[in-house]
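Listed below are the residues making up each chain.
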Amino acid sequence: MRTAEPEGAAGAPFSRVDTHATGRTGRMRGTPSSATRFRGDLTKVTSISQHRSHIRALFGIGAVAAALVALAPAAQTAPQHQAVIPGCTPAMAGVPNGKQWPTEPALTIDTAASHTATLETTCGTVTVELDAAAAPRTVNSFAFLAGEGYFDHTRCHRLTTQGIFVLQCGDPTATGMGGPGYKFGDENLAGAVYPAGTVAMANAGPGTNGSQFFLVYRDTQLPPNYTPFGTITQGLDSITTVANAGVAGGGADGAPVADVVFNAVTTAQG
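Residues numbered from 1 in each chain as written. Predicted model: local features only at pLDDT ≥ 70, side-chain atom pairs only at ≥ 80, totals over all residues. Heavy atoms only, no water.

Colleague: Explain the nonpolar core here, please?
Modeller: Of all hydrophobic cores here, the largest spans 41 residues; its most connected members are Phe142, Phe151, Leu167, Phe213, Leu215 and Phe229. It is helix α3 (residues 136–147) that provides the largest number of residues to this core, a total of five residues. In this structure, Phe213 is in contact with Phe142, Phe151, Leu167, Gln168, Cys169, Gly170, Val199, Ala200, Met201, Ala202, Phe229 and Phe262, ignoring residues within four places of it in sequence. Core analysis: the second largest hydrophobic core is formed by 10 residues, Val166, Tyr194, Ala202 and Tyr226 among them. (Core = buried A, V, L, I, M, F, W, Y, C linked by side-chain atoms within 4.5 Å. Buried < 20%, exposed > 50% of the residue type's maximum accessible area, 1.4 Å probe, protein only. Helix = DSSP H or I, 4+ residues; strand = E, 2+ residues; numbered from the N terminus. Contact = heavy atoms within 4.5 Å.)

The following block contains the structure:
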């Protein structure tokens, strides 16, 4: 997803960074089946089955990510094309803290316990059951970042509405290139599928998970390359509301029309 696009290493094969200097958007993009590539001018591409690398681009971030992780994000303001749609409310005052860490946090969660995440968004509350047994490092990282207030006041920056049906979030810069400064390995990929309600990590290739993740609002076919670490148990209708409002500019892959902001993200164990 414009990752959609969790943090990636420079030169990642399925990440693409565009800048205004090159006449592109500065976001990553992917090409869902029968969809169009989000470029400012939407260029049609072929199917996912024929171009698996394009699917990967959906969730990879750009080559300049390494430089960006050292910088605190600028204060976010709602892009002019985003709006408070029916069913949503204005975001609470605040900006992402943009904290950075040199290494993945130590594993401190109880992997045998139950874990939940509560995403308080401008379009409703989403509750997620986290799978610490299957994805301990991922859940541990998510809980750590939530505890640090890392996700608070961040915008969901990418929505896809054809072929792949996800809302991508977790980037404090809202560009698809941000992350917490560390990366960690993939988990829970054997036989991974992505039905509606799945919460999974976006990445820029193997072992490049950071903070960006996506929420699947409709059954989606993807290769098992993205760590699934949770299931939405309440609030999927809130994500559907965002999806129904569409992508800014009328395309199939880009910033959502709805201004979706996490007012607060918390986790609980037990």
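Colleague: Is there a simple way to explain the side chain of Thr220 in this structure?
Modeller: Along the polypeptide, Thr220 turns up in the loop between β8 (213–216) and β9 (228–234). Leave out the neighbours within four places in its chain, and Thr220 touches Gly163, Ile164, Phe165 and Tyr194.

Colleague: In this structure, what is going on with the environment of Phe184? I would like to understand it.
Modeller: With respect to the helices and strands, the residue Phe184 is situated in the loop between β6 (164–169) and β7 (198–201). Considered as a pair, Phe184 and Asn209 are 25 residues apart in the sequence and their alpha carbons are 5.3 Å apart. For Phe184, the residues in contact, after removing those within four places along its chain, are Glu104, Arg137, Thr138, Ser141, Met201, Gly207, Thr208, Asn209 and Gly210.

Colleague: Which parts of the structure should I look at to understand the state of the cysteines?
Modeller: Put plainly, a disulfide is one covalent bond tying together the sulfur atoms of two cysteines. For the structure shown, the criterion picks out two disulfides. Cys88 shares a disulfide with Cys123; S-S distance 2.0 Å. For the disulfide bridge between Cys88 and Cys123, the dihedral angle about the S-S bond is near 105 degrees, and by the sign convention the bridge is right-handed. Linking Cys88 in the loop between α2 (65–68) and β3 (115–121) with Cys123 in the loop between β3 and β4 (124–130), this pair joins segments that are 35 residues apart in sequence. (Disulfide = S-S within 2.5 Å.)

Colleague: I tried to follow the packing of aromatic side chains on my own but got confused; where do I start?
Modeller: Within a pair of aromatic rings, the relevant descriptors are the distance that separates the centres and the angle that separates the planes. Scanning the model with the defined rule gives 13 aromatic pairs in all. When the ring of Phe151 is compared with that of Phe213, the centres are 5.7 Å apart and the planes differ by 85 degrees; the resulting orientation is edge-to-face. Here Phe151, found in the loop between α3 and β5 (158–162), pairs with Phe213, found in strand β8; they are 62 residues apart in sequence, far enough to count as distant. Judged by its relative accessible area of 1%, Phe151 falls in the buried class. On the basis of relative accessible area, Phe213 is assigned to the buried category, the value being 0%. Residue placement shows Arg218 over the ring face of Phe165; its charged tip is 4.2 Å from the ring centre. (Phe/Tyr/Trp six-rings, centres within 6.5 Å; stacked < 30°, edge-to-face > 60°. Lys NZ or Arg CZ within 6 Å of the ring centre and 35° of its normal.)

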